[in-house]
Amino acid sequence: MNSARHPDTHFNACIVIPIYNHKDVIGDTVARLLAHALPIYVVDDGSDEATQQVLSALASHHAGKVTLLRLPINGGKGAAVMAGLRAARTDGFTHALQIDADGQHDAADVPRFIEAATAEPNAVILGRPVYDESVPKSRLYGRYLTHVWVWIETLSFTIRDSMCGFRLYPLDAVCALIDDGNLPTRMDFDIAILVRLHWRRMVFRSIPTRVTYAADGVSHFDVLWDNVRITGSHTRLVAGMLWRLPVLLAHKLTPHRANDATIDSASKQPQHWSRIAERGSHLGMSLLALSCRIFGRRFTALWLHPVVVYFLLTGHLARSASVNYFTHLANTAPGARRPRPGWLSAYRHMLAFAQSGFDKLGAWSGRVNVSDIVFDDPSAFEALASSGRGALVIGAHLGNLEMTRALAARGAHKKVTAIVYTEHARRFNSVLASANSDFAQRLVEVSDFGPATAMMMQERVDAGELLVIVGDRVPAHDAGRTTSAQFLGAAAPFAQGPYVLAHALGCPVYLFFCLKERTGYHLYFEPFAERIELPRRERAQHLAAWAQRYATRLEHYCHKAPYQWFNFFDFWARPERGANGRK
């Protein structure tokens with residue numbers, strides 16, 4: 001076919017029209033579509049001789065614009081569409097707009113489909129019908145039964161309408177699915193292909209489009225047998241959904257966008273941790289929370305294993321970071337029994353992280369008791385509590401600090417405020433907030449630990465509160481203020497912010513870790529400094545000394561609980577900070 005091409009060589013779209021005995025309307029349908037200057041494939045699905053003559057004349061009249069493909073016998077709408085999509089891909093097109101031959105769809109909406117696909121070339125663009133009074137009520141209401149089944153089969157409301165024959169496909173992904181076989185060839189094709197594409201993690205976008213039913217229109221929908229076929233197709237799809245259920249639930253915990261990259265595409269430098277997207281959807285996390293409430297913690301915890309397997313297989317960045325961490329850990333304790341870097345240790349590492357999040361949810365929803373958490377040595381905490389003084393408490397992404405804050409909100413120690421980078425974990429934090437309305441009351445989001453943060457915190461410390469922060473993350477907007485310290489045998493950047501904040505507050509500083517051990521969670525609360533001084537002339541040296549002291553204690557607890565340090569990025573890398581700071 002000597003066809004015209006879309007100006008963008010990376011986006012070549014055409015139109016595919018399956019047809020069976022619609023000789024009276026196909027001419028008008030093609031004429032309306034030709035106005036958009038897109039090559040058209042008309043696929044004759046074994047039509048009668050009269051329709052074949054009309055199609056031959058149409059292709060001859062619009063030679064170079066309309067290509068006629070003939071199937072020797074009637075194979076069904078699905079067979080015709082698949083033949084057209086394959087032919088379009090063979091001819092070099094990247095996208096194909098499927099539209100029915102009967103003139104029901106509004107050809108004026110073609111540019112809207114093309115515009116949407118150009119903006120998201122990997123998305124399937126679906127028409128969402130807007131009906132007028134011409135629609136038969138039986139067809140209108142009957143569609144909703146299929147919609148419900150599709151929502152069940154995909155565990156999603158993403159596919160708003162699975163039966164509309166006006167849609168635009170990215171051809172590489174769709175033809176790969178077609179080549180794998182098992183797609184129906186009749187009226188149930190439109191439904192099955194979308195569900196199976198959803199299982200393959202395709203993105204879907206919907207566009208409202210007007211649909212009209214002509215009073216004298218010809219429909220080839222067989223009320224009996226096509227409904228039987230659609231029912232059979234849904235039966236197979238539900239079975240496929242149940243077989244894939246662990247993976248589909250894992251999909252719910254993972255956003256569609258591919259953000260699992262260790263290198264920033266613009267700077268070619270390792271990405272800062274804050275730019276690595278939180279993996280997990282709000283809906284998926286909410287489903288686990290709902291399961292926990294309905295079926296209990298033990299049953300729901302079983303789902304963590306297939307979910308972790310999915311993240312292990314798809315999370316190259318997290319898996320590599322885990323292997324890197326265990327390599328450092330092993331090198332600093334030669335001869336000691338330490339996790340061997342590899343897939344098994346990465347799996348156990350990610351499982352510990354998932355269980356930690358699960359325990360956080362249990363703590364905030366009241367399913368973890370105060371008795372489940374004990375102090376290893378309570379003397380330092382008891383002395384601080386009896387004094388009535390406020391303090392700065394430095395923790396880490398090690399163990400489960402959130403559990404202690406949940407118990408404090410429930411009455412154990414009410415004056416505990418967490419200073420966090422919530423913008424990196426908003427979906428999970430929103431699930432915790434839905435579990436307990438007190439979650440956000442003592443949660444302060446910051447982007448750095450500068451003077452403004454110190455002023456905001458001073459009032460809380462003066463009121464006797466404990467401010468809990470972490471020392472093993474470098475803020476995204478902390479103007480590059482880091483200092484190097486030896487950690488697990490190599491130099492790593494540590495934030496200066498906690499020590500600058502402690503100096504500004506003039507309060508005692510403690511270290512705090514909450515580790516999961518055989519008998520439950522154990523709290524480690526130890527004095528770090530009565531007061532941190534930062535003399536101006538020796539400021540850099542003092543900051544380096546405090547950071548090294550913290551790194552040494554963090555290393556100690558990493559050896560104590562090797563699977564419970566949850567920094568799934570290259571901690572030792574020094575990514576470009578761009579406008580937000582220095583290296």
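Here the structure is a predicted model, which is why all the values come from computation and not from measurement.

**So, the packing of helix H3 (residues 77-90) against helix H6 (residues 171-179)**
Then comes step 1: As a packed pair, H3 and H6 sit with axes 10 Å apart at the nearest point and diverge in direction by 125 degrees. Overall, the two elements H3 and H6 adopt an arrangement that is oblique. Considering how the two elements wind past one another, H3 and H6 form a crossing that is left-handed. Each of Met 82, Leu 85, Arg 86, Ala 88 and Arg 89 in H3 lies in contact with H6, whose residues at this interface are Leu 171, Asp 172, Val 174, Cys 175, Ile 178 and Asp 179.

**What about the confidence of the model for the protein?**
Then comes step 1: Summing up the model confidence of the protein, the mean pLDDT is 78 and the portion of residues at 70 or higher is 72%.
Then comes step 2: Counted against residues more than four places away or in other chains, residues 422-443, with its pLDDT under 50, gives 57 contacts.
Then comes step 3: In the predicted structure, residues 575-583 sits below a pLDDT of 50 and forms 26 contacts with residues beyond four places in sequence or in another chain.

**Some thoughts on the sheet that holds strand E6 (residues 167-170)**
Then comes step 1: Strand order in the open sheet formed by seven strands is E3-E2-E1-E4-E6-E5-E7, and the pairing between neighbours is mixed. Both edges of this open sheet fall to strand E3 (66-71) and strand E7 (203-211), since each of them pairs with a single strand only. Strand-to-strand twist in this sheet, taken as the mean axis angle between neighbours without regard to direction, amounts to 20 degrees.
Then comes step 2: Looking at chain direction, strand E1 (residues 13-19) and strand E2 (residues 40-45) are connected through five bridges and run parallel. Counterpart to Ile 19 in the pairing with E2 is Asp 44.
Then comes step 3: Sitting on the sheet, helix H1 (residues 26-34) is in contact with E1, E2 and E3, with an inclination near 170 degrees to E1.
Then comes step 4: Relative to E3, helix H2 (residues 49-61) is tilted by about 150 degrees, and along the sheet it contacts E1, E2 and E3.

**A few points about unusual backbone geometry**
Note: most peptide bonds trans; most residues except glycine with negative phi.
Then comes step 1: With a phi angle near 60 degrees, Ala 37 is a residue other than glycine that sits in the positive phi range.
Then comes step 2: Considering the arrangement of structural elements, one finds Ala 37 in the loop between H1 and E2.

**Some remarks on the side chain of Gln 564**
Then comes step 1: By the secondary structure assignment, Gln 564 is in the segment after helix H20 (539-560).
Then comes step 2: Among the polar contacts listed, one links the side chain of Gln 564 to the backbone oxygen of Lys 516, at a separation of 2.8 Å.
Then comes step 3: Not counting the four nearest positions on each side in its chain, Gln 564 is found in contact with His 397, Leu 398, Gly 399, Leu 515 and Lys 516.

**As for the packing of aromatic side chains**
Working definition: an aromatic ring pair is given by the centre-to-centre distance plus the angle between the planes.
Then comes step 1: Applying the stated rule across the entire model yields 24 aromatic pairs.
Then comes step 2: With a centroid separation of 5.3 Å and 65 degrees between ring planes, the pair formed by Phe 487 and Trp 565 is classed as edge-to-face. Taken together, the positions of Phe 487 in strand E13 (residues 482-487) and Trp 565 in the segment after H20 put the pair 78 residues apart, joining distant regions of the chain.
Then comes step 3: Classification of Trp 565 by relative accessible area gives buried; the value is 1%.
Then comes step 4: Members of the aromatic cluster, joined through ring pairs, are Tyr 325, Phe 326, Phe 487, Phe 494, Tyr 550, Tyr 563, Trp 565, Phe 571 and Trp 572.

Here is what the cut-offs are and how they apply
- Residues numbered from 1 in each chain as written.
- Predicted model: local features only at pLDDT ≥ 70, side-chain atom pairs only at ≥ 80, totals over all residues.
- Heavy atoms only, no water.
- Axes fitted to C-alpha atoms, helices over the stretch in contact; angles between N-to-C directions.
- Helix = DSSP H or I, 4+ residues; strand = E, 2+ residues; numbered from the N terminus.
- Parallel < 35°, antiparallel > 145°, perpendicular 65-115°, else oblique.
- Left-handed = near helix turned anticlockwise from the far one by under 90°.
- Contact = heavy atoms within 4.5 Å.
- pLDDT = per-residue confidence, 0-100.
- Pairing = 2+ DSSP bridges.
- Polar contact = N/O pair within 3.5 Å; in protein donor to acceptor, adjacent residues only side chain to side chain.
- Phe/Tyr/Trp six-rings, centres within 6.5 Å; stacked < 30°, edge-to-face > 60°.
- Buried < 20%, exposed > 50% of the residue type's maximum accessible area, 1.4 Å probe, protein only.

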